[in-house]
Amino acid sequence: MADFYPSYPPSLNPQQEEYLLSNAKDYSIAHGLAVRPPTSDALKAQDPAGLLATTAPITLFPSLFPKVCFDQAKSVAQAYNELYSGIASDEGWLTGIVEELAQIDDFMAGLWKVHQAVKSEGYAQSLDLGLFRSDYMVHLDKSSGASQPSVKQVEFNTIASSFGGLSTRVSELHQFLNSIDAYPEEISSIVNSSTLPANSSSPSLALGLAKAHEAYGPSSKQLPTCVIFLVQDPERNVFDQRHIEYNLNKTHNIRTFRLPFDRVLQDTKLDDGRKLIYTPPSMPTRHFEVTVVYFRAGYAPSEYTSEAHWSGRLHLERSAAIKCPSVLTQLAGTKKVQQVLATPHSPHLARFLSDPSTASSILSTFAPIYPLDSTSPAGKDARALATDPETAARYVLKPQREGGGNNIYRRNIPAFLDSLPESHWPAYILMEMIEPPAQRNAILRFGATAEEGSPSSSVQTGGVICELGIYGVCLWERPTTTTTAAASTNGGRVGDDAPPRPILRENFEAGYLLRTKGDQSEEGGVAAGFGSVDSPCLV
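Since we're looking at a predicted model, the values are computed, not measured. (Residues numbered from 1 in each chain as written. Predicted model: local features only at pLDDT ≥ 70, side-chain atom pairs only at ≥ 80, totals over all residues. Heavy atoms only, no water.)

J.: What is the right way to read the pairing of strand β7 (residues 225–231) from this model?
T.: Put simply, side chains in a regular strand alternate between the two faces of the sheet. Most of β7 sits out of view: 6 of its 7 residues are buried. Of the pairings in the sheet, the one linking β7 to strand β11 (residues 288–295) comprises 6 bridges and is parallel in character. If you follow Val 227 over to β11, its bridge partner there is Val 292. As defined by bridge partners, β7 adjoins strand β8 (residues 256–260) across 5 bridges and the pair is classed as parallel. Across the sheet, Phe 229 pairs through a bridge with Arg 258, a residue of β8. Traced from β7 through helix α9 (residues 238–252) to β8, the parallel crossover comes out right-handed. (Buried < 20%, exposed > 50% of the residue type's maximum accessible area, 1.4 Å probe, protein only. Helix = DSSP H or I, 4+ residues; strand = E, 2+ residues; numbered from the N terminus. Pairing = 2+ DSSP bridges. Right-handed = clockwise from strand over helix to strand, strands pointing away.)

Right, dumping it as structure tokens:
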């Protein structure tokens, strides 16, 4: 597959490189394609007020991406929205999966405990909002003799699906660079206005939040209303979020506030009807009724360092605000759910997608994924594959976590499993590696010198791997009844009961993200320091 793509990107002479770099850097800062720099003692001394920002990690050229794969990934966005809204609405089906994980994963147990507590009291809000992102890589199956590439899903994100704000900006950056002839004429047949697709991720995600805000309706107490962005503090990736906030303000006239996860209990309260009331610390005499809580925090165990954090999560879940996501929706995005759906010959997909053609379109994007239990045939096979260094070289081991830096790759898998009690193995899933075609690009990345922590930037050129994320917006009403039959996570009987069907209020595809990393890096998270923000050049 080394010759799958044409030779690209072109070599630049010093004058061409200077022209491209200066325009890329200036455009990025002028248009908010930025992040806060990494913190260090030296940098704090230079910038005590925290004013500095720097260009986000970006590719200088748009990466080549097959148009047939881009179109395939976009075409299944609404089907994936329908699938995961159905899973999040089927508590009975989720119970078997989550309770199995909760026995060996404290974080899953904590989230399930929050759900159970609210369920016993009764949910105050029947609407759920999902700002989802389904991530894919290009795959060309050489063993089958396939002539056309396809996309295979890496993972499905139901919480804090980031970079929707910056991905629109990097698409515009590459279009701008093309328009001012920053790319050599020799690649004009490859990079041109018809091969650089527009990207609506920032306004589309803001529209999803606006639709939920509208569905919530006006305050019954005649209070002004607002949307809360629940955030980490500090947050380097703040501008990605700000673009969506500013869009809500400018386009939809919706007030937004940023609430650090640490301050949930201090700055909000529930009234007698469990309406969530927010009092900004900067305006202690003003009170706002919260329509939507958009989680850009609370997705990782490292954020729950005290019981106050769990109390804060329960506090929000009990409220009448629309959650994006609810706890059940967050749990629906666990890798175990992906494994249950994608294990070869699994019967579970048909439970949530009654139309065979829709289910088939989703099935075509699955890469083989296996459980690591000790009882099912698939689990036993997976254990044999994962503990043999030769066969493990074709797989990745994934925990139930969001964000980069959590996976175990290839020949590192056997030693890692050997370091864990076997009773903890079922907390992981084993996924066959997707092998994308080789290509090259140049990544502009901000860094810090080891000696002083002072700002620096560098261009890294070499082999890269691209991961395409397709955003989806789904607003749904949960059914009033739930099933009690738990899922057979080992691929057995699905259950004879009809699953509860959510009522979809909104369901649309919402733009894309292309993340690109060096081909020697196993991880791809931009915020975690592994990847860069990119846009596709369709070929």
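J.: I tried to follow the UniProt feature "domain: Glutathione synthase substrate-binding" (unreviewed entry) in the chain on my own but got confused; where do I start?
T.: Here, the residues flagged by UniProt with the feature "domain: Glutathione synthase substrate-binding" (unreviewed entry) are residues 225–332. Each end of residues 225–332 is marked by a C-alpha atom, and these two atoms are 29 Å apart; helix forms 34% of the span and strand 27%. (UniProt positions renumbered as here; feature names shortened; annotations may be inferred.)

J.: I keep staring at the environment of Pro 62 and nothing clicks. Help me out?
T.: For Pro 62, the position within the fold is in the loop between β3 (58–59) and β4 (63–65). The buried category is assigned to Pro 62, whose relative accessible area is 0%. In this structure, the C-alpha to C-alpha distance between Pro 62 and Gln 175, residues 113 residues apart in sequence, is 9.0 Å. In contact with Pro 62, not counting residues within four places along its chain, are Tyr 8, His 174, Tyr 183, Val 191, Leu 196, Asn 441, Asp 534, Ser 535, Pro 536 and Cys 537. (Contact = heavy atoms within 4.5 Å.)

J.: Even after reading the chapter, I still don't get the packing of helix α7 (residues 164–179) against α9, so can you show me in this structure?
T.: For any two helices packed against each other, the geometry is given by the interaxial angle and the distance between the axes. Remark: α7 packs on α9, axes separated minimally by 6 Å, with the N-to-C direction vectors making an angle of 90 degrees. Of the possible angle classes, the one that applies to α7 and α9 is roughly perpendicular. Residue-level inspection shows Gly 164, Gly 165, Leu 166 and Arg 169 of α7 in contact with α9, the latter providing Phe 239, Asp 240, His 243 and Ile 244. (Axes fitted to C-alpha atoms, helices over the stretch in contact; angles between N-to-C directions. Parallel < 35°, antiparallel > 145°, perpendicular 65-115°, else oblique.)

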